[in-house]
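These are the residues of each chain, in order.
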Amino acid sequence: MHIAVVGLSHKTAPVEVREKLSIPEPQTESAIAHLASYPHIQEVAILSTCNRLEIYIVTPETEQGIREVTQFLSEYSKLPAASLRQHLFMLLHQDAVMHLMRVSAGLDSLVLGEGQILAQVKHTHKLGQQYNGIKTILNRLFKQALTAGKRVRTETSIGTGAVSISSAAVELAQMKVQNLAACRVAILGAGKMSRLLVQHLISKGAAKICILNRSIERAAELARQYPDQNIQTHPMSAMISVIAESDLVFTSTSATEPILDRAKLEMVLAPNQPLMLFDISVPRNVHADVNEVENVQAFNVDDLKAVVAQNYESRRKMAQEAEGLLDEEVEAFDIWWRSLETVTTISCLRNKIETIREQELEKALSRLGSEFGDKHQEIIEALTRGIVNKILHDPMVQLRAQQDVDARRRCMQTLQMLFNLDAGEQFS
């Protein structure tokens, strides 16, 4: 078996391509089922965020498995495979393992050290298990990646300060306006990204904030978290009228099509009325044609690069420390992976010893006669099982612990010869 990842990110594809490949959570189950139906995909997990779509697979044939994932992505996005491939990256085994570790630690994020990605990797793991895409190998890989992400955040300082897409958007806004405190700010959406937006806007001095959401109750719940702030709330139906009275608008909704475009803005904005739009959603909430409106400026996640560049310089040294921790976690996974080679031999040995135990126990019980009670039989059964387990424990532990590949294989060959085992084809 082999591990591979096929995907695209802010590094390889512009937002107009990424939004075509965004897989919303309600579609995850069907996407996993579709991928798992391919003959060369044994396990699958889908990591879909605003800046990346990555599909992790376990496959017996790497080339065929990657081809099947690429076919799925082409069908899903309705992009020809030939044009899609230029935006895809493909990593195999050790590189795929290290990549997920780096993603989980926030080292591959648009904003270096981003904190949200760890929760997104955890959610990917949960959904993969829930929808039967993740089994033994990916389960271990994702658990190791989550451990790696937590270690990086607790053992380095890379997660301190503004380290999310939301915080970068607020910093970009701060770079574009003279006085954030004087600006009237509207936030479309009340999800996790919007919660972070409110937090960072308040920390930067914003005092005139309005939250709009389809569920007014959810918007009100978010506003109540800041009782000292005079945060207004409105239903999404009031969007156009609120925008007409705003200086800055941040959008972070789950809409799959743009909810703001040139026509809607021209209906309500006064001639030459200035407005800045910060769209941190993928798919985008703001149509590109709004930039054609006089004095309207629109920014999306790909426009955060100036903020990211400043952020990266201050975190580069911390990232180097984090890479060292990730090397340890990759090695831990690799040791486990190599130990899988011993599974067949250990299973054969245990089965053979168990067969002998059962046969000898049956002979002994038959000689003891029918007057030997059930309780005594249970005691003898437990005794023989305990003896077998204790005898097998040390050989199994030592076999799994052998990190040298040649030494481990010599041990397995010795066991197979001494116990006349037919271990069959080994894990590869």
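Residues numbered from 1 in each chain as written. Predicted model: local features only at pLDDT ≥ 70, side-chain atom pairs only at ≥ 80, totals over all residues. Heavy atoms only, no water.

Moving on, we get to the overall build of the protein. Broken down by element type, the protein carries 16 helices and 10 strands. In terms of overall size, the protein is more extended than a compact globule, its C-alpha atoms giving a radius of gyration of 28 Å where 428 residues would be expected to give roughly 22 Å. Considered along the principal axes of its C-alpha atoms, the protein spans approximately 100 × 50 × 40 Å. Considering the protein as a whole, with its 428 residues, one finds that 50% of them fall into the buried category. Here the contacts in the protein between residues at least 6 apart in sequence split such that 73% fall between residues at least 24 apart. Per element, the accessible surface of the protein, about 20900 Å² overall, is 51% carbon and sulfur. Taking the 45 positively charged and 51 negatively charged side chains of the protein as two groups, their mean positions are separated by 3 Å. (Helix = DSSP H or I, 4+ residues; strand = E, 2+ residues; numbered from the N terminus. Rg over C-alpha atoms; globule rule 2.2 N^0.38 Å. Buried < 20%, exposed > 50% of the residue type's maximum accessible area, 1.4 Å probe, protein only. Contact = heavy atoms within 4.5 Å. Areas by Shrake-Rupley, 256 points an atom, 1.4 Å probe, with all protein chains shown as cover. Lys, Arg positive; Asp, Glu negative; His and termini not counted. Charge placed at Lys NZ, Arg CZ, Asp CG, Glu CD.)

This part takes up the UniProt feature "binding site: NADP(+)" (unreviewed entry) in the protein. Here, UniProt's "binding site: NADP(+)" (unreviewed entry) annotation points to Gly189, Ala190, Gly191, Lys192, Met193 and Ser194. Residues from the named set that contribute to the lining of the largest pocket are Gly189, Ala190, Gly191, Lys192, Met193 and Ser194. Within the fold, glycine 191 resides in the loop between strand S5 (184–188) and helix H9 (192–203). Of note, lysine 192 is situated in helix H9. In this structure lysine 192 comes out as exposed when scored by relative accessible area, which is 64%. (UniProt positions renumbered as here; feature names shortened; annotations may be inferred. 1 Å grid on protein atoms, 1.4 Å probe; cavity = no way out; pocket = protein on both sides within 12 Å on 5 of 7 lines; lining within 4 Å.)

Attention now goes to the sheet that holds strand S8 (residues 248–251). Spatially, S7-S6-S5-S8-S9-S10 is the arrangement adopted by the six strands of the open sheet, whose pairing is parallel. Edge positions in the sheet fall to strand S7 (232–235) and strand S10 (296–299), since each has one partner strand and no second. The mean inter-strand angle of the sheet, taken between neighbouring strand axes irrespective of direction, is 20 degrees. Pairing between S5 and strand S6 (residues 208–213): five bridges, direction parallel. Pairing of arginine 184 across the sheet is with lysine 208, part of S6. (Pairing = 2+ DSSP bridges. Axes fitted to C-alpha atoms, helices over the stretch in contact; angles between N-to-C directions.)

Applying the stated criterion to the full structure yields six aromatic pairs. With centroids separated by 4.9 Å and ring planes inclined at 20 degrees, the aromatic side chains of phenylalanine 250 and phenylalanine 278 adopt a geometry described as stacked. Residue phenylalanine 250 is found in strand S8, and its partner phenylalanine 278 is found in strand S9 (residues 275–279); the two are separated by 28 residues along the sequence. Look at phenylalanine 250 and you get buried, because its relative accessible area is 0%. Ring centres of phenylalanine 333 and tryptophan 336 lie 5.6 Å apart, and the angle between their planes is 40 degrees; this geometry places the pair in the tilted category. Residue phenylalanine 333 and its partner tryptophan 336 are located together in helix H13 (residues 305–339), separated by three residues, close to a single helical turn. Neither residue differs from the other here; phenylalanine 333 and tryptophan 336 are each classed as buried. Each member of the aromatic cluster is reached from another via a ring pair, and the members are Phe250, Phe278 and Phe299. (Phe/Tyr/Trp six-rings, centres within 6.5 Å; stacked < 30°, edge-to-face > 60°.)

Another point: the sheet that holds strand S3 (residues 52–59). The antiparallel open sheet is built from four strands, whose spatial order is S2-S3-S1-S4. Looking at strand neighbours, the two that pair on one side only are strand S2 (43–49) and strand S4 (89–92), the edges of this open sheet. Each adjacent strand pair in this sheet contributes to an overall mean axis angle of 15 degrees, direction not counted. The pairing of strand S1 (residues 2–9) with S4 spans four bridges and is classified as antiparallel. In the sheet register, valine 6 faces S4, and the bridge partner there is methionine 90. This element, helix H7 (residues 136–155), spans S1, S2 and S3 of the sheet and lies at about 40 degrees to S2.

Another point: empty space enclosed by the protein. Over the atoms, a rolling probe the size of a water molecule traces out where space has been left empty. Inspection of every chain in the model, using the stated rule, returns two cavities of 30 Å³ or more. Of the voids in this model, the largest cavity is the one considered here, and its volume is about 60 Å³. Forming the boundary of the largest cavity are His10, Thr49, Cys50, Asn51, Arg52, Ser109, Leu110, Glu114, Ile117 and Gln120. Broken down by class, the residue content of the lining of the largest cavity amounts to three nonpolar, five polar and two charged. Approximately 50 Å³ is the volume found for the second largest cavity. (Points joined across faces, edges and corners; volume = space filled by probe spheres on them. Nonpolar A, V, L, I, M, F, W, Y, C, P; charged D, E, K, R; others polar.)

Let us look at the UniProt feature "site: Important for activity" (unreviewed entry) in the protein. Per the UniProt record, "site: Important for activity" (unreviewed entry) is found at His99. Counting through the fold element by element, histidine 99 comes out in helix H5 (residues 93–105). Setting aside anything within four residues of it in sequence, one finds histidine 99 in contact with Arg52, Glu54, Tyr56, Phe89, Leu91 and Asp108.

Reported here for the largest pocket is a volume of approximately 1300 Å³. If you trace the largest pocket, you find 38 residues lining it, with Glu25, Lys192, Met193, Thr253 and Ser254 closest to the centre. Looking at the lining of the largest pocket, the element that brings in the most residues is helix H6 (residues 116–130), giving six residues. Partitioned by chemical class, the residues of the lining of the largest pocket number 16 nonpolar, 18 polar and four charged. Within this model, the second largest pocket holds a volume of roughly 330 Å³. As for the second largest pocket, its lining consists of 15 residues, of which Glu19, Lys20, Thr256, Glu257 and Pro283 are closest to the centre. Here the lining of the second largest pocket is built from residues that sort into six nonpolar, five polar and four charged. Summarising the domain contributions, the lining of the second largest pocket has at least three residues from each of domain 1 (2–162) and domain 2 (182–306). (Domains from an automatic or database assignment.)

This part is about the domain arrangement of the protein. Its domain assignment divides the protein into domain 1 (2–162), domain 2 (182–306) and domain 3 (336–419). Domain 1 and domain 3 are separated by 39 Å when their C-alpha centres are compared.

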